[in-house]
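Okay, here's what each chain looks like letter by letter:
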Amino acid sequence: MPAPHMASEPSAHLLVPFASASDPACRAVLPGLQLPHLTALLAELQPIHTGSGTDSGSDHSLSAPHERALAQAIGLVRADGSAYPDGLLPWAAAASAEPDQPQAWFTPCHFQVGMEQVTLLPGDQLGLTDEHARPLFDALTPYCAEDGITLRFESATRWHASGEVLRGIACASLDRVGGRSVEAWMTDSSANPAGGQLLKRLQSEAQMLFYTHPAFDAREALRLHPVNGFWLSGAGALDHPTPLRPPPTMPDALRSAALQADWARWRDAWTALDNLDIKSLLERARRGEPVTLTLCGERVAQRFTNTPRGAVARAGRLIKNLLGNAPAWKTLETL
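Overview of the structure. (Residues numbered from 1 in each chain as written. Predicted model: local features only at pLDDT ≥ 70, side-chain atom pairs only at ≥ 80, totals over all residues. Heavy atoms only, no water.)

## What about the overall build of the protein?
Rules: The way it works is that DSSP assigns letters per residue, a run of H or I at least four long becomes a helix, a run of E at least two long becomes a strand, and they are numbered from the N terminus. Buried, partly exposed and exposed residues are distinguished by accessible area as a fraction of the type maximum, computed with a 1.4 Å probe on protein chains only: under 20%, between the cut-offs, and over 50%, respectively. For this analysis, residues touch if any pair of their heavy atoms sits within 4.5 Å. Here, Shrake-Rupley sampling with a 1.4 Å probe gives the accessible areas, and only protein chains in the shown set may cover a residue.
Of regular secondary structure, the protein possesses 12 helices and nine strands. Sorting the 335 residues of the protein into buried and exposed places 50% on the buried side. Within the protein, contacts between residues separated by at least 24 positions form 75% of all contacts whose residues are at least 6 apart in sequence. A total accessible area of about 15,300 Å² is found for the protein, and carbon and sulfur atoms account for 53% of it.

Here's what the structure looks like:
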């Protein structure tokens, strides 16, 4: 998840990525979800905000709803207080010591070529280790340097990039492209067309470089997906560097299962979440503590809170009590 690295105390804000998904197989699972604590919690709270990656709530926006919700929660906004445009959330810069410098993440990946589409499998789904990632990083580094990009090895599955060419590059997050056709999300930034073209060329060069690298054959010999390219994400710089607020609590199990289209595991992850984090938040709400819940699908994010409780909120809760609580999956279905 593209969150800035910062310490935080246990939060009264729970932000749930991939609380629902657009895949028909996921939609089929929704009515069977048994989430008593979420149903009860939603009865305690009021919806106060709906946001999406685009105005239409499309599941093809560059920035996923949970990323935009996270940016809002931590105060990652532009100098005028507005949200960063779609695809321009500068996550790499936000996690660095020099947030006003253009930066990005390069993720080594496997592009799986099918009959009609090219599907991306990111490094964390490849079992990629330093043994194979480091030689590829070393091979790509001088090519990046020729284009004014400095690479730093952060981990086997994430390489940090910095350089002026990364300013104003709109790019899709890995949470959008993982396991999917990449055609609709290739780098093509109107804010920096020259940089976008340069990065496309660099991606093509990396594919040829990695294909002829010994690490490619080594992984094939082990019956592992070879790394044959990289994906660019989180590019840009903060135009208004200020201290960010601590992030909300963000469980990862739903996201991990959804990105691999493992809907049985996703269902089980919801059951576990309902019995732990959701139950804890419900208990806090019933004690009168202020709590916030943000549920994020692939089209929209919906935020709920129990404060402030004005007359309208109290009336809404009374109506809910009279009519009975709708099952939680009905809310998840709208995301």
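## Quick word on the packing of helix α2 (residues 36–44) against helix α10 (residues 263–286)
The packing of two helices is summarised by the inter-axis angle and the distance between the axes. For clarity, the cut-off: Fitted lines through C-alpha atoms give the axes, limited to the stretch in contact for helices. The angle between two N-to-C directions lies from 0 to 180 degrees. For any helix crossing, the convention is left-handed if the near helix is rotated counterclockwise from the far helix by under a right angle, and right-handed if that rotation is clockwise. Three classes are used: nonpolar for Ala, Val, Leu, Ile, Met, Phe, Trp, Tyr, Cys and Pro, charged for Asp, Glu, Lys and Arg, and polar for all others, with Gly counted as polar.
Where α2 meets α10, the closest approach of the two axes is 8 Å, and the angle between their N-to-C directions is 30°. The hand of the α2/α10 crossing is left-handed. Contacts from P36, H37, L38, A40, L41 and E44 in α2 reach W270, D274, N275, I278, K279, L281, L282, A285 and R286 in α10. Across the contact of α2 with α10, the residue classes break down as nine nonpolar, two polar and four charged.

## Things to note about the nonpolar core
Put simply, the test is: For this analysis, a nonpolar core means a set of buried residues of the types Ala, Val, Leu, Ile, Met, Phe, Trp, Tyr and Cys, connected via side-chain atoms within 4.5 Å.
Residues V16, L38, W266, W270, L293, L295 and L332 are the most contacted members of the largest nonpolar core, which totals 37 residues. For this core, the secondary structure elements donating two or more residues are β1 (13–16), α1 (24–29), α2, α9 (253–259), α10, β8 (292–296), β9 (300–305) and α12 (328–332). Setting aside its immediate chain neighbours within four residues, W270 contacts V16, A19, L33, L35, L38, L254, I278, L295 and L332. Residues A139, L151, C171 and F210 belong to the second largest nonpolar core, which totals 32 residues.

## A few points about unusual backbone geometry
Not every positive phi belongs to a glycine, and F18 is a case in point at roughly 55°. With respect to the secondary-structure elements, F18 resides in the loop between β1 and α1. On the basis of relative accessible area, F18 is assigned to the buried category, the value being 4%. Even without being glycine, R223 reaches a positive phi, approximately 60°. Tracing the sequence through the fold places R223 in the loop between α8 (214–221) and β7 (229–236).

## Some details on helix α5 (residues 130–146)
To be explicit about the condition: Between the first and last residue of a helix there are one fewer steps than residues, each counted as 1.5 Å, and that sum is the expected span. Fitting axes to the seven residues ending at a residue and to the seven starting there, one defines the bend at that residue as the angle between these axes.
Here α5 spans 24 Å end to end across 17 residues, near enough to the 24 Å set by a 1.5 Å rise per residue. At L140, α5 shows its maximal kink, close to 30°; a proline, P142, follows between one and four residues later. Turning to α5, its buried residues are H132, A133, L136, F137, A139, L140 and C144. G148 occupies a position one or two residues after α5 and carries a positive phi of about 80°.

## Looking at the pattern of salt bridges
Side chains that differ in charge, positive against negative, can pair when their charged atoms come close. For clarity, the threshold we go by: By definition here, a salt bridge exists when the distance from a side-chain nitrogen of Lys or Arg to a carboxyl oxygen of Asp or Glu is within 4 Å.
Following the criterion strictly, the structure yields 14 salt bridges and no others. Here R201 makes a salt bridge to D147, at a shortest N to O gap of 2.9 Å. Taken together, the residues span a long stretch of sequence, with R201 in helix α7 (residues 193–211) and D147 in the loop between α5 and β5 (150–155) at a distance of 54 residues. Judged by its relative accessible area of 17%, D147 is buried. Salt-bridge contacts for R267 lead to D268; the nearest nitrogen and oxygen are separated by 3.5 Å. Its relative accessible area of 38% is what places R267 among the partly exposed residues. Several salt bridges converge on common partners, so that one network encompasses D147, R201 and E205.

## Observations concerning the pairing of β7
Convention followed: Only when DSSP finds a minimum of two bridges between them are two strands counted as paired.
Among the eight residues that make up β7, eight are buried, leaving the element largely enclosed by the rest of the structure. Pairing of strand β3 (residues 103–113) with β7 involves six bridges; the strand directions are antiparallel. Bridge assignment links Q103 to a residue of β7, and that residue is G236.

## Section: the packing of aromatic side chains
How two aromatic rings sit relative to each other is set out by the distance from centre to centre and by the angle between their planes. Stated formally: The aromatic pairing rule takes the rings of Phe, Tyr and Trp, using the six-membered ring of Trp, and pairs them if the centres are within 6.5 Å, calling planes under 30 degrees apart stacked, those over 60 edge-to-face and the rest tilted.
Counted under the stated rule, the structure contains five aromatic pairs. Between F137 and W159, the aromatic rings sit 5.5 Å apart at their centres with planes inclined by 75°, giving edge-to-face as the arrangement. You can see F137 sitting in helix α5 and its partner W159 sitting in strand β6 (residues 158–162), a full 22 residues away along the chain. With relative accessibility at 7%, the residue F137 sits in the buried group.

Shape is all these values report; function is a separate question.
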